[in-house]
Amino acid sequence: MENLKNNFDVIVVGAGTGGSTAARFAAEKGLKVCLIDRKEKNKIGDKICGDAVGTDVFDFLSIKHPKGEELSCRIKGAKLYSPDLKKCIDLTDSKQAGYIVNRIEFGQRLLNEALDAGVEQFMDKTMVLDLLYNKNFVAGVKVKLKNGEKIDLKSKILIDASGFYSPIRKNVKSDLIEKEILKEDSILCYREIVKFSPQDLSVKDPEYISICLNSEKAPGGYIWYFPKNESSVNIGLGIFMDYKGKVKNLYQQNVFKEYIKTSKFEIISSGGGVVPVRRPIWSCADDGIMLIGDAACQVNPLHGGGIDPSMRGGFFAANTALAAIEKEDYSINALWGYNYSVMTSFGAEFASLDLLRMTLQVLSNTDLNFALQQDLLSGEEILEISSTGRIDLSLLNLVTKAFKGLSKPNLLLDLNFLRIKMNEISKLYKNFPNDIVKFEEWKSKVTQVYDKIKKTLIKTKIVN
Ligand SMILES: Cc1cc2nc3c(=O)[nH]c(=O)nc-3n(C[C@H](O)[C@H](O)[C@H](O)COP(=O)(O)OP(=O)(O)OC[C@H]3O[C@@H](n4cnc5c(N)ncnc54)[C@H](O)[C@@H]3O)c2cc1C
C-alpha cells in the first residue's frame, strides 16, 4: 500500500477502551503514534459487554463524561442479592454511581478523540501477526494489511491493548510477562440485550444494576441484570470456564426463564466472551513493550469490570512512554514506572479483591445466604472492600460478628483470615518495588500469601 509510514515512537495494538486511551494521551504528548485494529473503523467499540462504567475514571483522566448518544442511562448504585433472593444489600454511594453506555458509540468517541489528538497513522482492518525484535528488545510488529499484504512496522515502544486473547502476550519472549492465563482465573460470560414492548414496564429498578450471587445457577461468577434504558435490559451470567459449550443453556435455564417474565420482548443482541478475573499479570512490561487492559489482566476480579482500568492503564502507559522516549531508553528499567503506577494503584485493589473472588467461588449457596442474611458484611463494608480492596473492621465489630457467626464457625474463621490476607496483599502491592532489582523478593512474598489462601480454601472445600 502506498504512503504508509513504518517507523513510530509508539505503536498501539488494539483500539478498544484501553488502546484508544493510550493512543490519545501518547499523541497529545506529541509522540508519533500508530494505532492498529483488526476491525473496520466503524465497528470499533462494538463489544459484548455489560456496558457499565463508574463515573470516577472520567474525572481521573479529565475527559468528558458519557453523554448524548453514548449514554444509555445513569446508575445510582448496585443491589447485591443472596442466592435465595431473600436478602438484598443496597450498595449506593456517590463513588459507585455510574453509567450504562452504548458500547459502540462510546468506543467510537474514544477512537475519534485519539485521532483528533494527533495519532499519526490509524490502520483499521489490519491484523497484527507477530512481534519484531532488535536484539532482545521488542521493536515493532508484523501486520497483515486489509489488501492481504504483510509488512513490518517499527516502534520504539509497543503498547499491547489487544484484549484477553492477545497474540502479542502469547508470542513475547520474556521471563517477566506471563504468556498463559489459567483457566481458573478467567470467567466465561454470556449476555443478551432484551427489549420489552413500550407499554410493558418490565425493567425492574431502572436506576440500579443488580447482581445475584448463586453458586448453583452461576457457578464461579454471578447473574447480572443491568437496565439499558426504560424499555430494555442487559442481562447475563458469568461462570467457570469448565462450562464452555454450556453457557448459553445455563443462561436460558437459570437467567432468562427466571428474570424475564413477559412474553412481549425482542432480543436485540446476544453473545459471549471471556474476562480475566485475577490480579494484573506479574509484570505488565519488558524491554520495548507495555501491556494494558484485558491483555494484562487489568480487570476488577470481583465484578469483571475492565473498562475503567483499561483506560487508566492506557493513561499510565502513555505517560511512561513519553518519559522513556525523552530519555531514549526503552529498556524495562525505563518502563518499570508503568508497572509501579499500575501495581500501587488499582493493582493493589485488584490483588486484594482477587483473594476475595477466590474465596467467594468456593462458598456454597448455603454459606452465601448465611453470610448475606446475617449481615456479616454491611453495605458500607462491601462498598469499602470493592472500592479499596481493604476491610477495616473494628475489634468490637469483629466480636459482634463472631457471635452472629457461631452457627457457621468455619466460614467465620475463613472470613477473618481472608480479611488479614487481603490487607496484607494490598500493603505489599502498595509497596511495589520502584526498582526491578527487588522484584523477585517482592514476588515471592506475594506468592506466599496466595499459597496460604489457596491451602485454606482447599481445606474449606473439604470441611464444607
Ligand atoms: C460479557 C462481558 C461483559 C462485560 N461487562 C463489563 C461491564 O459491564 N463493565 C466493564 O467495565 N467491563 C465489562 N467487561 C470487560 C470489558 O469489556 C473489558 O475489560 C474491556 O473492554 C477491556 O478493554 P481492552 O481495551 O483491554 O480490550 P478490548 O476492548 O477487547 O479491545 C481489544 C481490541 O484489540 C483488537 N485486536 C485484537 N487482536 C488484534 C490483532 N491481532 N490485531 C489487531 N487488532 C486486534 C480488537 O479488535 C479490539 O478492538 C465485560 C466483558 C464481557 C466479555
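Residues numbered from 1 in each chain as written. Predicted model: local features only at pLDDT ≥ 70, side-chain atom pairs only at ≥ 80, totals over all residues.

A.B. asks: Can you explain the overall build of the protein chain? Please cite residues and give values.
C.D. replies: Of regular secondary structure, the protein chain possesses 12 helices and 18 strands. Over its C-alpha atoms the protein chain spans a radius of gyration of 22 Å, differing by no more than 12% from the 23 Å that the globule rule assigns to 464 residues. In the protein chain, the share of contacts with a sequence separation of at least 24, taken over all contacts with a separation of at least 6, comes to 72%. (Helix = DSSP H or I, 4+ residues; strand = E, 2+ residues; numbered from the N terminus. Rg over C-alpha atoms; globule rule 2.2 N^0.38 Å. Contact = placed C-beta atoms within 7 Å.)

A.B. asks: Give a detailed account of helix α7 (residues 332-362), specifying residues and quantitative values.
C.D. replies: A rise of 1.5 Å per residue sets the reference length of α7, with its 31 residues, at 45 Å; its end C-alpha atoms lie only 38 Å apart and thus fall more than 12% short of the reference. Along its length, α7 reaches its greatest deviation from straightness, about 55°, at G347. (Expected span 1.5 Å × (residues − 1). Bend = angle between axes of the 7 residues up to and from the residue.)

A.B. asks: Break down the sheet that holds strand β16 (residues 265-276) for me, citing the residues and quoting the values.
C.D. replies: Pairing is mixed in the open sheet, where seven strands are placed in the order β6-β5-β13-β14-β15-β12-β16. On the outer flanks of this sheet lie β6 (88-91) and β16, each paired with one strand and no other. The average undirected angle you get between the axes of adjacent strands in this sheet is 20°. Helix α5 (residues 247-259) contacts β12 (186-196), β14 (222-229), β15 (232-240) and β16 of the sheet and is inclined by roughly 135° relative to β15. (Pairing = 2+ DSSP bridges. Axes fitted to C-alpha atoms, helices over the stretch in contact; angles between N-to-C directions.)

A.B. asks: Break down the packing of helix α6 (residues 307-327) against α7 for me, citing the residues and quoting the values.
C.D. replies: In contact at an axis separation of 8 Å, α6 and α7 are set at 155° when each is read in the N-to-C sense. What the angle tells us is that α6 and α7 run roughly antiparallel. Crossing handedness for the pair α6 and α7: right-handed. Each of P309, R312, G313, F316, A317, T320, A323, A324 and K327 in α6 lies in contact with α7, whose residues at this interface are A334, L335, G337, Y338, S341, V342 and F346. Split by residue class, the contact of α6 with α7 holds 10 nonpolar, four polar and two charged. (Parallel < 35°, antiparallel > 145°, perpendicular 65-115°, else oblique. Left-handed = near helix turned anticlockwise from the far one by under 90°. Nonpolar A, V, L, I, M, F, W, Y, C, P; charged D, E, K, R; others polar.)

A.B. asks: Hey, could you go over the site of the ligand for me, with residue numbers and the actual values?
C.D. replies: Neighbouring the ligand are 39 residues; G14, G16, G50, G293 and G306 lie closest to it. Listed by contribution, the elements that provide at least two residues to the shell around the ligand are α1 (17-28), β3 (52-54), β9 (127-134), β12, β16 and α6. Looking at side-chain class alone, the shell around the ligand contains 17 nonpolar, 14 polar and eight charged residues. Each of domain 1 (7-51 + 102-180 + 280-330) and domain 2 (183-276) contributes no fewer than three residues to the shell around the ligand. (Near = placed C-beta within 6 Å. Domains from an automatic or database assignment.)

A.B. asks: Before we move on, can you summarise the packing of α1 against α6 with the specific residues and values?
C.D. replies: As a packed pair, α1 and α6 sit with axes 7 Å apart at the nearest point and diverge in direction by 30°. When the axis of α1 is compared with that of α6, the two are roughly parallel. Relative to α6, the crossing made by α1 is right-handed. Together, T17, G18, G19, T21, A22, F25 and A26 of α1 and I307, S310, M311, G313, G314, F315, A317, A318 and A321 of α6 make up the contact between the two elements. Counted by class, the contact of α1 with α6 contains nine nonpolar, seven polar and no charged residues.

A.B. asks: Which residues make up the domain arrangement of the protein chain, and what are the values?
C.D. replies: Accessible area lost when the parts come together is the quantity often used to give the size of an interface. You can read the domains of the protein chain as domain 1 (7-51 + 102-180 + 280-330), domain 2 (183-276) and domain 3 (349-463). Contacts between the two partners involve five residues from domain 1, matched on the other side by seven residues from domain 3. When the residues that make up the side of domain 1 that touches domain 3 are grouped by side-chain class, the tally is four nonpolar, one polar and no charged.

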